[in-house]
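Structural overview
Take a look at the letters that make up each chain.
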Amino acid sequence: PYSAADRGWLRYEPRDSLQGLPVWSRIFVSEWSDTVEAAVRELRYGIREMSGQSPDIVVGGESLAQGAFIRCATVRESLPNELHSDLPLQDLNEEGYLLKHVADKENGGCLYIVGRTDKGILYGAFHLLRLLQMEVPAERIDLVENPRNPLRMMNHWDNMDGSIERGYAGRSIFFKDQRLIEDDGRIRDYARLMASIGINGISINNVNVHEAETRLITAEYLPQVARVAGIFSAHGIRLFLSINYASPMQLGGLATADPLDSGVRQWWKEKAEEIYRYIPDFGGFVVKADSEHRPGPFTYNRTHADGSNMLAEALAPYGGVVIWRCFVYNCMQDWRDRATDRARAAYDHFKPLDGQFRDNVILQIKNGPMDFQVREAVSPLLGAMPQTNQMLEFQITQEYTGQQKHLCYLVPQWKDVLDFDTYARGEGSTIQRVASGELYDYKHCGITAVINVGDDENWTGHTLAQANLYGYGRLAWNPDLSEAEITEEWIKQTFGTHAAVVEQLTTMLAESWRIYENYTSPLGVGWMVNPGHHYGPNVDGYEYSVWGTYHFADCHGMGVNRTVKDGTGYTGQYFAENAERYESLDSCPDELLLFFHHVPYTHRLHSGKTVIQHIYDSHFEGADGVEALIERWRLLEGLVDPKRHEAVMGRLRHQAEHSKEWRDIINTYFYRKSGIGDELKRMIY
Ligand code: GCU
C-alpha cells in the first residue's frame, strides 16, 4: 500500500493454502507500461503477503523458468496452444482477460493472465489475487471474463474545501483548502481499490459545482487535476469532471451561456482543446443542469438536448462524452398542489427528446424517480428512450439509508433494480440490459454511483459499508453475479475464510436492508427524515415543504395516489405490464403500496395484515432486528481483529438506540393520526 489506510478487501492476510508451497518464483511480462507495472506490483505484493515468498519480475525475457511462474501477456503475443484450445481468446473485449493454469511437469505449472490490452492484464491480476484470497486452488483456475457494462463509474460529491456533500466518512481524499491534495498516497490506494473491482471512470467533484470547482477546468488547476488523472490512467480509469453549465459566463466573461450562441459554442470548443492538452485521456463532463437551482439551458428557452449537444460537440474530437443527469424536477412546488408529481418529472422532461441527442451524450438516470429512498419504484425513464444513450445511477453513500452509522447492505436493493423487467421490448427487457446496451444499441452506456468514501482510515466510516462499495463495483462489472457470490467474495477477502465469520456476516448483511426498511418509512412511501441533513425520523419533516415529497397522511389513511384513474397518472409512464400491475390495488406489490396508492389504514395487504398493523409490526421487528445483528456480531469476537470488531460494535449499538427512536416516533405518529391501537398491545406513546 501507498498509505496507512485500511486495506479494505485488498488485505492479503497470510493464507494457509499458500504457506510453504513453492509458489510462483517469477512473473514474466513482455512489455512494460504504467498499467502492466500496476498489475505486476500488485501481484508480487499480494503473493508475498499471503505466501511469504516474493516472485521476481522479469520483463521481456523468455518464460522458461525453473519452477512455477506467472505470465502476463496480451493476445498479440505468441501463446502456447493450450490457451487457444477451448478458450476463445478472440472473444476478449478491450477490457477482458483469460486466466488459466497450464500444468507443466518440468516447470511446475504456469498461470497465464492474458488480456486483449494491458487493462485486461490489470483486471486479470486482481481477479487472480481475489481467488487466492478466497483459497481457490490455482490448478483449478480456468476462466474468461469480459465486463458487461462499457462504463463502470464512480461519482464523487467532493468539494474543493474538502467537504463532501452527503459524505459520511470524513473529508475528501482529493481536495483540501481549495487545492488538490499533494500527497497522493491515499489516491493511489484508492485507485488500486477501484481497479480491483473494475471501475473505469471517476468524476472527482460534486455535481453541484460551486465557485471554486468551476475553476477546475482552468490553467490554474488543470496541472493538478492531470496529476490525479495520471494515477487513474495507470489503473485503467479515466478521470471526469463535473462542470458548471454557466462556465462561459463565470470563467469566460461572456454575457450568456445560451447553447445556440456561437460565442458560447466556441468557448467550449477551446476549453475542450485546453483540457485535452493537459489530460489526453480525459473522460468528459458530468452535468447537473436546471436541477435544484443549478444553471442550465432552460434559462435561454433551450432544451436539454441543445445544452448537452453543445458540450458533446466540443468533446467529440477527443473521444470525450457528456454525462447529462436527468434529476430535473420542480423543487419549488406548492404542497397544496396535488396534481404535480415529482416522480413524473424526469420522464416528462426527457422522454419527448428521444433521438435528439448526439451519440456522445449519455443520460444519467437515478434508479428511482424520487431520490435513493430505502424503497421506491424503478424509474420508468430507464428503457423508455431507444434512441438515446442511457446510464443508471445508484447511490452507495447512504444518504437515506442510515448514513453509514446504520448497517444497510444495498446489494439486494441494486439486484432488484437490475433484474426489474421494463418490458420495453417484451419480456426480459431488464434494467441491466438497458444499462449494458444489450437492449438498444447504445454507443455509450453503463452504471454509475455516488460513492461513499472519505479520508476516514477505513474509507467508509462504517467498516461494513465497504461491502457496498465492493458490491457495487462487482455488479457494475457483471450484474448477473448473485448477492451470495458477491457477499462471500467480500467477506473472505476482508475478514478471512473462517466458517463462522462467513456465516454470521452473510446473514447480517443479507438481513440489514429489510431491517432498516422495517423501522423507517413504510411500504415505499419514503422520506419522513429530518430536512436538510436527512438523518433520523421526522414524519412531517417534508410534508409541507417545496420539495415534492409527501405522504399525505390524515386520520383516515395515507400514501400517494399515482394512478392514471384518479391520481397523478405516473403509473402510465411504465410499459403496459408494469403500468397495469401498479395501477391496480390487487396487483400492486405490498412493499410499494403507498408509493402508488392512497389507502385507508384498515386496507388489507396481500400479507393479510392491515396497513396500520403492518406499520406497528414492522417497526417492532426492525428494532428487534438490530438487536439480533448485535448478537451475531458478538459471536465474532476473537475471530475479527479487536480494532474492527469494536468499531463495528460501536456503530451497531448506536443503530440499536436510533432504531428505537425511529420505531417509537413512527408508531406513535400513526397511532395518534389513526386512533387505531396495536392488536398486540405493545408500548406505543
Ligand atoms: C439529492 C441530494 C443532494 C444532491 C442531489 C443530486 O437531492 O440530497 O445532495 O445534490 O440529490 O443528486 O443532484
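This text goes with the structure placed above it.
First things first, this report covers the structure right here in the doc. In every chain, residue numbers begin from 1 and rise along the written sequence. Residue-level local features of this predicted model are given only where pLDDT is at least 70; pairs of side-chain atoms are given and counted only at 80 or more, and the full residue set underlies all totals for whole chains, interfaces and linings. Excluding hydrogens and water, the side-chain figures rest on all heavy atoms present in the structure.

Brief notes about the nonpolar core
Rules: The nonpolar core is taken to be a set of buried Ala, Val, Leu, Ile, Met, Phe, Trp, Tyr and Cys residues, with the residues joined through side-chain atoms within 4.5 Å. Buried means the residue's accessible area, taken with a 1.4 Å probe over protein chains only, is under 20% of the maximum for its type, while exposed means over 50%, and partly exposed covers the values in between. Here, two residues are considered to be in contact whenever any of their heavy atoms come within 4.5 Å of each other.
The biggest cluster of nonpolar side chains holds 203 residues, and the ones touching the most others in it are Met154, Tyr190, Met194, Phe232, Trp633 and Phe670. Apart from the residues within four sequence positions on either side, Tyr190 is in contact with Met154, His156, Ile173, Phe174, Ile202, Phe232, Ile451, Val453 and Trp459. Of all hydrophobic cores here, the second largest spans twelve residues; its members include Phe28, Phe69, Ala73 and Leu83.

Topic: the environment of Gln250
We count it as follows: Secondary structure counts use DSSP, requiring at least four H or I residues in a row for a helix and at least two E residues in a row for a strand, with both numbered from the N terminus.
Within the secondary structure layout, Gln250 lies in helix H7 (residues 247–250). Gln250 has contacts with Glu211, Thr214 and Asn244, leaving out every residue within four places of it along the chain.

A few points about the site of the ligand
For clarity, the threshold we go by: For this purpose, a residue is taken to be near a molecule or strand whenever a single non-hydrogen atom of the residue falls within 4 Å of it. Polar contacts here mean pairs of N or O atoms no more than 3.5 Å apart (in protein, one a potential hydrogen donor and the other a potential acceptor; neighbouring residues in sequence count only if both atoms are side-chain atoms). Accessible surface is estimated by sampling points in the Shrake-Rupley manner with a 1.4 Å probe; for residues, cover comes only from the protein chains shown. Charged residues are taken to be Asp, Glu, Lys and Arg, nonpolar residues to be Ala, Val, Leu, Ile, Met, Phe, Trp, Tyr, Cys and Pro, and polar residues to be all remaining types, Gly included.
Around the ligand there are 14 residues in total, and Glu165, Lys288, Arg325, Lys366 and Glu399 lie nearest to it. Within the side chain of Glu292, one N or O atom sits 3.2 Å away from an oxygen atom of the ligand. A distance of 2.7 Å separates an oxygen atom of the ligand from a polar side-chain atom of Arg325. Look at the ligand: alone it shows 310 Å² of surface, and the protein chains cover 96% of it. In terms of residue class, the shell around the ligand is built from four nonpolar, two polar and eight charged.

Observations concerning the state of the cysteines
We apply this condition: Disulfide assignment relies on a single distance test, namely cysteine sulfur atoms paired within 2.5 Å.
Taken as a whole and judged by the stated rule, the model has zero disulfides. No disulfide involves Cys445; its sulfur sits 14 Å from that of Cys326, the nearest cysteine.

Quick notes on the pairing of strand S11 (residues 238–242)
Each regular strand carries side chains that alternate between the two faces of the sheet. So the rule is basically this: Any two strands with at least two DSSP bridges between them are considered paired.
The element S11 is largely enclosed, with a buried count of four among its five residues. Note that strand S10 (residues 201–203) and S11 share three bridges and pair parallel. Across the sheet, residue Gly201 finds its bridge partner in S11, namely Arg238. Bridge count between S11 and strand S12 (residues 284–287): three bridges; the pairing is parallel. Bridging from a neighbouring strand, Ser242 pairs with Val286 of S12.

A look at the packing of helix H13 (residues 466–477) against helix H14 (residues 483–495)
The line we're drawing: For every element, the axis is a line fit to its C-alpha atoms; helices are fit only across the contacting stretch, and the angle between N-to-C directions ranges from 0 to 180 degrees. Between 65 and 115 degrees an angle is taken as roughly perpendicular, under 35 as roughly parallel, over 145 as roughly antiparallel, and anywhere else as oblique. In this scheme the handedness of a crossing depends on how the near helix is turned from the far one: anticlockwise by less than a right angle means left-handed, clockwise means right-handed.
The N-to-C vectors of H13 and H14 enclose an angle of 130 degrees; their axes lie 10 Å apart at closest approach. With respect to H14, the element H13 is oriented oblique. The handedness of the crossing between H13 and H14 is right-handed. Contacts between H13 and H14 involve Gln466, Ala467, Tyr470, Gly471, Arg474 and Leu475 on the former and, on the latter, Ile486, Glu489, Trp490, Gln493 and Thr494.

Quick notes on empty space enclosed by the protein
Where empty space is left becomes clear once a probe the size of a water molecule has been rolled over the atoms. For clarity, the threshold we go by: Points on a 1 Å grid, built from protein atoms alone, make a cavity when a 1.4 Å probe fits but cannot get out and make a pocket when they are open with protein on both sides within 12 Å along at least 5 of 7 lines; residues with an atom within 4 Å of a point are the lining residues. Grid points are joined across faces, edges and corners, and a volume is the space filled by probe spheres set on the points.
Within the structure shown, the criterion is met by eleven cavities of 30 Å³ or more. Here the largest cavity defines a volume of roughly 110 Å³. When residues of the lining of the largest cavity are traced back to their parent elements, those giving at least two are helix H10 (345–350) and strand S14 (361–366).

Section: the pairing of S14
Selection rule: By definition, the crossover connecting two strands over a helix is right-handed if that path, from the first strand to the second, turns clockwise as seen with the strands pointing away from the viewer.
Within S14, six of the six residues are buried, leaving the element largely enclosed by the surrounding structure. Side chains Val361, Leu363 and Ile365 of S14 all project onto a buried face; the interleaved residues Ile362, Gln364 and Lys366 project onto the opposite face, where all are buried too. Of the pairings in the sheet, the one linking strand S13 (residues 321–325) to S14 comprises four bridges and is parallel in character. Bridging from a neighbouring strand, Val322 pairs with Val361 of S14. Following the chain from S13 across H10 to the adjacent parallel S14, one finds a crossover that is right-handed. Bridge count between S14 and strand S15 (residues 390–395): four bridges; the pairing is parallel. For Gln364, the partnering residue across the bridge sits in S15 and is Met391.

What about the sheet that holds S15?
What the eight strands build is a closed barrel, ordered S7-S10-S11-S12-S13-S14-S15-S16; its pairing is parallel. When strand polarity is set aside, the average angle formed by the axes of neighbouring strands in this sheet is 25 degrees. In the sheet, strand S7 (residues 151–155) pairs with S10 via three bridges, with the strands oriented parallel. Residue Asn155 lies in a different strand from S10, and its bridge partner there is Ser203. Across the sheet, helix H11 (residues 411–419) lies against S15 and strand S16 (446–450), angled at about 160 degrees from S15, the strand it touches most.

Considerations on the packing of aromatic side chains
Threshold: When two rings of Phe, Tyr or Trp (its six-membered ring) have centres within 6.5 Å they constitute a pair, described as stacked for plane angles under 30 degrees, edge-to-face for angles over 60, and tilted for the intermediate range. Ring-over charges, as used throughout, are those where CZ of Arg or NZ of Lys falls within 6 Å of the ring centre and within 35 degrees of the ring normal.
Per the stated rule, a full pass over the model turns up 36 aromatic pairs. Judged by centre distance (5.0 Å) and plane angle (85 degrees), the ring pair of Trp335 and Tyr544 falls under edge-to-face. Taken as a pair, Trp335 in the loop between S13 and H10 and Tyr544 in the loop between helix H15 (499–519) and strand S17 (557–558) lie far apart in primary sequence, 209 residues in all. Taking the centre distance of 5.3 Å and the plane angle of 65 degrees together, the rings of Tyr516 and Tyr519 count as edge-to-face. Taken together, the residues Tyr516 and Tyr519, both in helix H15 and three residues apart, mark about one turn of the helix. By the burial criterion, Tyr516 is buried, and Tyr519 matches it. Above the plane of the ring of Trp459 lies Arg186, whose end atom (NZ or CZ) is 3.9 Å from the centre.

A closer look at the sheet that holds strand S6 (residues 142–145)
Overall, mixed pairing links the six strands, which are arranged S2-S1-S3-S5-S4-S6 in an open sheet. The sheet is open, and its two edges are formed by strand S2 (56–59) and S6, each paired on a single side. Each adjacent strand pair in this sheet contributes to an overall mean axis angle of 15 degrees, direction not counted. Of the pairings in the sheet, the one linking strand S3 (residues 69–74) to strand S5 (residues 110–115) comprises six bridges and is parallel in character. Looking at the pairing, Ala73 lines up with Val114 of S5. Here helix H1 (residues 34–51) sits on the sheet and contacts strand S1 (26–29), S2, S3 and S5; the angle it forms with S1, its principal contact strand, is near 170 degrees. Sitting on the sheet, helix H3 (residues 118–133) is in contact with S3, strand S4 (97–102), S5 and S6, with an inclination near 50 degrees to S4.

Some details on the pattern of salt bridges
Convention followed: Salt bridge criterion: a side-chain nitrogen from Lys or Arg within 4 Å of a carboxyl oxygen from Asp or Glu.
Within this structure, the stated rule accounts for 46 salt bridges. The salt bridge involving Glu95 is made with Arg152; its shortest N-O contact spans 2.9 Å. One end of the pair, Glu95, is in the loop between helix H2 (81–85) and S4; the other, Arg152, is in strand S7, and 57 residues separate them in sequence. For Arg152, a relative accessible area of 0% translates into the label buried. Where Asp480 meets Arg148, a salt bridge forms, and the shortest distance between an N and an O atom there is 2.9 Å. In this pair, Asp480 sits in the loop between H13 and H14 while Arg148 sits in the loop between S6 and S7, placing the two residues 332 residues apart along the sequence. The class of Arg148 is partly exposed, set by a relative accessible area of 23%. Connected through shared salt-bridge partners, Arg11, Glu13, Asp641 and Arg644 make up one network.

What to know about the packing of H15 against helix H18 (residues 611–635)
Two numbers describe how H15 lies on H18: the axes approach to 8 Å, and their chain directions differ by 160 degrees. Considered as vectors, H15 and H18 are oriented roughly antiparallel to each other. As H15 runs across H18, the sense of the crossing is left-handed. Contacts from Gln504, Leu505, Thr507, Met508, Glu511, Ile515, Asn518 and Tyr519 in H15 reach Ser618, His619, Glu621, Gly622, Ala623, Gly625, Val626, Leu629, Arg632, Trp633 and Leu635 in H18. Within the contact of H15 with H18, the residues separate by chemical class into nine nonpolar, seven polar and three charged.

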